[in-house]
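# Breakdown of the fold
Here is how the chains run, residue by residue.
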Amino acid sequence: IIAQAAVQANRTRAAIRNPIGSPARVSITVTDAGGRILGIFRTSDAPIFGFDVSAQKARTANFFTRTDAGTSLVAAGLGGYSTAMTNEGVSLNGSTAFSDRAVGFLSQPIFPPAASANFSFGPLSKPLGQWSIFNTGLQLDALLITMNFLTGTTPCTPAPALSRVQNGFQIFPGAVPLFKGATHVGAIGVSGDGVDQDDIIASLGSVGFEAPAGIRADTRTVRGVRLPYVVFPRNPNLF
């Protein structure tokens, strides 16, 4: 899986690198269904931040696709988010394969994203009047933060019931769950270039282990809006 993703990274036209026409440079993480890291690979000169973020992405896609995702949120004292997802028709019970793009879509304070009228907030977000970079919704509520954001140094760790996402949720695209047939077995996360580039690298890495088409997030609608799964850049390949 990692090798497939690395091959695609070397083919993918980077969005954030000079000179134009350079290949993407990324970190690639594969986890099992328990969120344990099976392997991380960093291509030459990939941004350092992606090493941690790729693991966050993989663990996020893995967590939301698990059959016990909703009950784990309840155990962590975050049952309101689980209930909100159920009320929107996308229960966190393993019936939907969530990509990180889908999770991020549902985490927006303006839902659907870019709506100009008649919008509300996503089921994983705080309302727009309450939302801030220090109060985003599930992504921050899941952390046990006992410090001042600006002066503290205590690590941000998740509630014990969320040990499968031990370095936190990530809502940027670039991760998809992995399946063997109909059985969910883990996820792949990619970070280091544009999110569309990360998406295509993760998706091509998952070949042979894709989520069943009928349960992918892009077969689900929330408030009449179809959820995204992955988005690829136009003419993505250098060769």
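In what follows, the structure referred to is the one given above.
Keep in mind the model is a prediction, meaning the values are calculated, not measured.

Parameters and conventions
Residues numbered from 1 in each chain as written. Predicted model: local features only at pLDDT ≥ 70, side-chain atom pairs only at ≥ 80, totals over all residues. Heavy atoms only, no water. 1 Å grid on protein atoms, 1.4 Å probe; cavity = no way out; pocket = protein on both sides within 12 Å on 5 of 7 lines; lining within 4 Å. Points joined across faces, edges and corners; volume = space filled by probe spheres on them. Nonpolar A, V, L, I, M, F, W, Y, C, P; charged D, E, K, R; others polar. Pairing = 2+ DSSP bridges. Helix = DSSP H or I, 4+ residues; strand = E, 2+ residues; numbered from the N terminus. Axes fitted to C-alpha atoms, helices over the stretch in contact; angles between N-to-C directions. Contact = heavy atoms within 4.5 Å. Buried < 20%, exposed > 50% of the residue type's maximum accessible area, 1.4 Å probe, protein only. Arc of directions from axis to C-beta. Salt bridge = Lys/Arg side-chain N within 4 Å of Asp/Glu carboxyl O. Phe/Tyr/Trp six-rings, centres within 6.5 Å; stacked < 30°, edge-to-face > 60°.

### Considering empty space enclosed by the protein
The final tally for this structure, using the stated rule, is 1 cavity of 30 Å³ or more. For the largest cavity, the calculated volume is near 40 Å³. Lining the largest cavity are Phe64, Val103, Ser107, Leu124, Leu138, Gln139, Phe169 and Ile171. Within the lining of the largest cavity, the residues separate by chemical class into 6 nonpolar, 2 polar and no charged.

### Describing the pairing of strand E2 (residues 37-42)
Sheet analysis places strand E1 (residues 27-32) next to E2, joined by 5 bridges and oriented antiparallel. Residue pairing for E2: Ser27 is matched across the bridge by Arg42. Here E1 folds back onto E2, and the loop between the two strands holds 4 residues, one of which, Gly35, carries a positive phi near 85 degrees.

### Considering the sheet that holds strand E5 (residues 175-180)
Spatial ordering of the open sheet is given by E2-E1-E6-E5, a layout of 4 strands whose pairing is antiparallel. Strands at the two margins of the open sheet, each flanked by one partner only, are E2 and E5. With strand direction ignored, the average angle separating the axes of adjacent strands in the sheet is 20 degrees. On top of the sheet, helix H2 (residues 49-65) reaches E1, E2, E5 and strand E6 (183-191); it is set at about 150 degrees to E6, its chief contact.

### Describing the pairing of E6
Counting buried residues along E6, 7 of its 9 residues qualify, which places the element largely inside the surrounding structure. Two strands pair when backbone bridges link them, and E1 and E6 are joined in this way by 6 bridges, in the antiparallel orientation. By the bridge assignment, Thr31 is partnered in E6 with Ala187. Judged from the 6 bridges that link them, E5 and E6 form a sheet pairing that is antiparallel. Note on E6: the bridge partner recorded for Ala175 is Gly189. Connecting E5 to the antiparallel partner E6 that follows it, the hairpin turn spans 2 residues, and Gly181 within it adopts a positive phi of roughly 65 degrees.

### Here's the deal with unusual backbone geometry
Of note, the bond from Asn18 into Pro19 is cis; its omega dihedral lies within 30 degrees of zero at 0 degrees. Relative to the helices and strands, Pro19 resides in the loop between helix H1 (2-11) and E1. In this structure, the amide linkage connecting Phe111 to the following residue, Pro112, adopts the cis form with an omega of -5 degrees. Mapped onto the secondary structure, Pro112 falls in the loop between helix H5 (100-105) and helix H6 (138-141).

### Quick word on the side chain of Thr31
Counting through the fold element by element, Thr31 comes out in strand E1. Leave out the neighbours within four places in its chain, and Thr31 touches Arg36, Ile37, Leu38, Ala58, Arg59, Asn62, Val185, Gly186 and Ala187.

### Concerning H1
Every buried residue of H1 is accounted for by Ala5, Ala6, Gln8 and Ala9. Seen along its axis, H1 keeps its buried residues to an arc of 160 degrees; they face one direction.

### Considering the pattern of salt bridges
Taken as a whole and assessed by the stated rule, the structure comprises 10 salt bridges. Arg17 is the salt-bridge partner of Asp45, the closest N and O atoms lying 2.3 Å from each other. Here the residue Asp45 occupies a position in the loop between E2 and H2, and Arg17 occupies one in the loop between H1 and E1, the gap between them amounting to 28 residues. Between Asp196 and Arg101 there is a salt bridge whose closest N-O contact spans 2.7 Å. Taken as a pair, Asp196 in helix H7 (residues 195-205) and Arg101 in helix H5 lie far apart in primary sequence, 95 residues in all. If you follow the salt bridges from partner to partner, you end up with Arg66, Asp68 and Arg164 in one network.

### Digging into the packing of aromatic side chains
Note on aromatic pairs: each is described by the distance of the centres and the angle between the planes. In total, this model carries 5 aromatic pairs according to the counting rule given. Considering the side-chain rings of Phe63 and Phe64, the 5.6 Å spacing of their centres and the 85 degrees angle between planes classify their relative orientation as edge-to-face. A centroid spacing of 6.1 Å and a plane angle of 65 degrees characterise the contact between Phe64 and Phe98, whose relative ring orientation is edge-to-face. Pair noted here: Phe64 is in helix H2 and Phe98 is in the loop between helix H4 (79-87) and H5, with a separation of 34 residues, a long-range link. By way of ring pairs, the aromatic residues Phe63, Phe64, Phe98 and Phe169 are connected into one cluster.

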